[in-house]
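Notes for the structure review
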Amino acid sequence: MGINYLLKKEGLEEIEKLDTMHINTIAKNISEKLCDSFPELHLDQSDLFVSISRLDMYTAKMPDNNASAKYVYNKNEIYFNKNLDLNDIDTLAIHECIHCLQELYDTKGRLVRLGLYDLNSKVGLALNEAATQLMASVATKSDVDSATYYGITINSISPIYYPLECAILNQMMYFTGTYPLYHSTLLSNDIFQNTFSSISSKEVYFEISKRLDKLLNVETEISNLSYKISTFDGNEEKLKYLNKQVENKKIYIQKLFLSIQDLIIDKCFTKMFNEINSFNDIREFQNMLYNFKDLIVTTPDYTFYNNFYCNMMKDVAFKRDQLIKYGSIIDINIPKQSLALVPIKTTTSKLGKLKELIDTLTSFIFGD
């Protein structure tokens, strides 16, 4: 696809190239925010600055006034909204710059991965957009706010951009912690995937990724239909049909979202329960399950979490009785899932030197 066609498709107009001074200001701003916000990643600010400053940057008039920036993959080009204060980069601008840092190429120079998104399998786009948005929101110290989409009310630091996807990702991070997610998002590796898979399973991880991709696709379909309705000048029956399509898709999104949430609850907590072998394990499990309520996204008729909680507490009581009768189950061999980082030997990244830190960082998190 030619760049001129792409820019026309995106609706970008009045394009002007930024001078070196502005580019360096943006690179300094973003590299400082990322290093200050994610000290556990031990990022090299100089490397980040160089990577960002080497981008071709432009300002452009954008059709959506809410859009701050657009990054063009494989072209090393980023376009900023003309209305954006370049000295006060917001979350969407940082979001797009993170995308440029994520690019991972194979030995033949082909782009194969962007953070959590595998371009070969085409799985993980929504998960990566949510992860990138969460990092951008953290970097700009965004406040938690409430928003309602498709009958689902969410409290999030990203209530406008990818709110449903971010809500699911927050639930996944409840089990993994933030480090694996941020590390994999910026350095395009499998630490987050491996960590979450060890808590649930590899099949569950990819099922969540696929359902989130579907959810993002349907959200895009609703957005396109809504725009069509806003500019529609045809007959009333056709308009009713379009509105009905939108309503059906909203219902579908609500059901799809809750199915992902229920999958996380069921698979993660069931596996954790099955690995209980002491009273300390029971206390930890009860606290984890109870505190998860703060991340639950509900609708007026949502009951899965409460039902699951009640049933699981009955099972916990039974297991406690067994421990009282027979003692701690210390003689049972529970296979430990490997959390080791999958080495990346045939790819190169824009973050050059940071790749050399992967083994050290992995050892820091998971032990030798």
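Residues numbered from 1 in each chain as written. Predicted model: local features only at pLDDT ≥ 70, side-chain atom pairs only at ≥ 80, totals over all residues. Heavy atoms only, no water.

1. Some details on the packing of helix α10 (residues 236-274) against helix α12 (residues 304-326)
- Where α10 meets α12, the axes come as close as 11 Å, and the angle between the chain directions of the two elements is 5°. By the criterion of interaxial angle, the relationship of α10 to α12 is roughly parallel. Here α10 contributes D262, I265, D266, F269, T270, F273 and N274 to the contact with α12, which in turn contributes F304, Y305, F308, M312, D315, V316 and K319.
- Across the contact of α10 with α12, the residue classes tally to eight nonpolar, two polar and four charged. (Axes fitted to C-alpha atoms, helices over the stretch in contact; angles between N-to-C directions. Helix = DSSP H or I, 4+ residues; strand = E, 2+ residues; numbered from the N terminus. Parallel < 35°, antiparallel > 145°, perpendicular 65-115°, else oblique. Contact = heavy atoms within 4.5 Å. Nonpolar A, V, L, I, M, F, W, Y, C, P; charged D, E, K, R; others polar.)

2. Focus: the sheet that holds strand β1 (residues 13-17)
- Sheet architecture is open: four strands sit in the order β1-β2-β4-β3, paired in mixed fashion. Only two strands of the sheet have a single partner each, and these edge strands are β1 and β3 (69-72). Mean inter-strand twist for the sheet, computed between neighbouring axes without regard to direction, equals 25°.
- In this sheet, strand β4 (residues 77-81) lies alongside strand β2 (residues 56-61) in parallel orientation, the contact comprising five bridges. Paired with D56 across the strands is E77, a residue of β4.
- Across the sheet, helix α4 (residues 91-102) touches β3 and β4, and the angle it forms with β3 is around 10°. (Pairing = 2+ DSSP bridges.)

3. Points about the side chain of T91
- Among the secondary structure elements, T91 is positioned in helix α4.
- Excluding anything up to four places from it in sequence, T91 contacts Q133, A136, S137, T140 and S142.

4. Observations concerning helix α3 (residues 45-53)
- All of the buried residues along α3 are D47, L48, S51, I52 and S53.
- On its buried face, α3 sits against α2 (20-37), β2 and α4.
- At the N-terminal end of α3, a side-chain oxygen is found 2.9 Å from the backbone nitrogen of S46, two or three residues along, and the residue is D44. (Buried < 20%, exposed > 50% of the residue type's maximum accessible area, 1.4 Å probe, protein only. Polar contact = N/O pair within 3.5 Å; in protein donor to acceptor, adjacent residues only side chain to side chain.)

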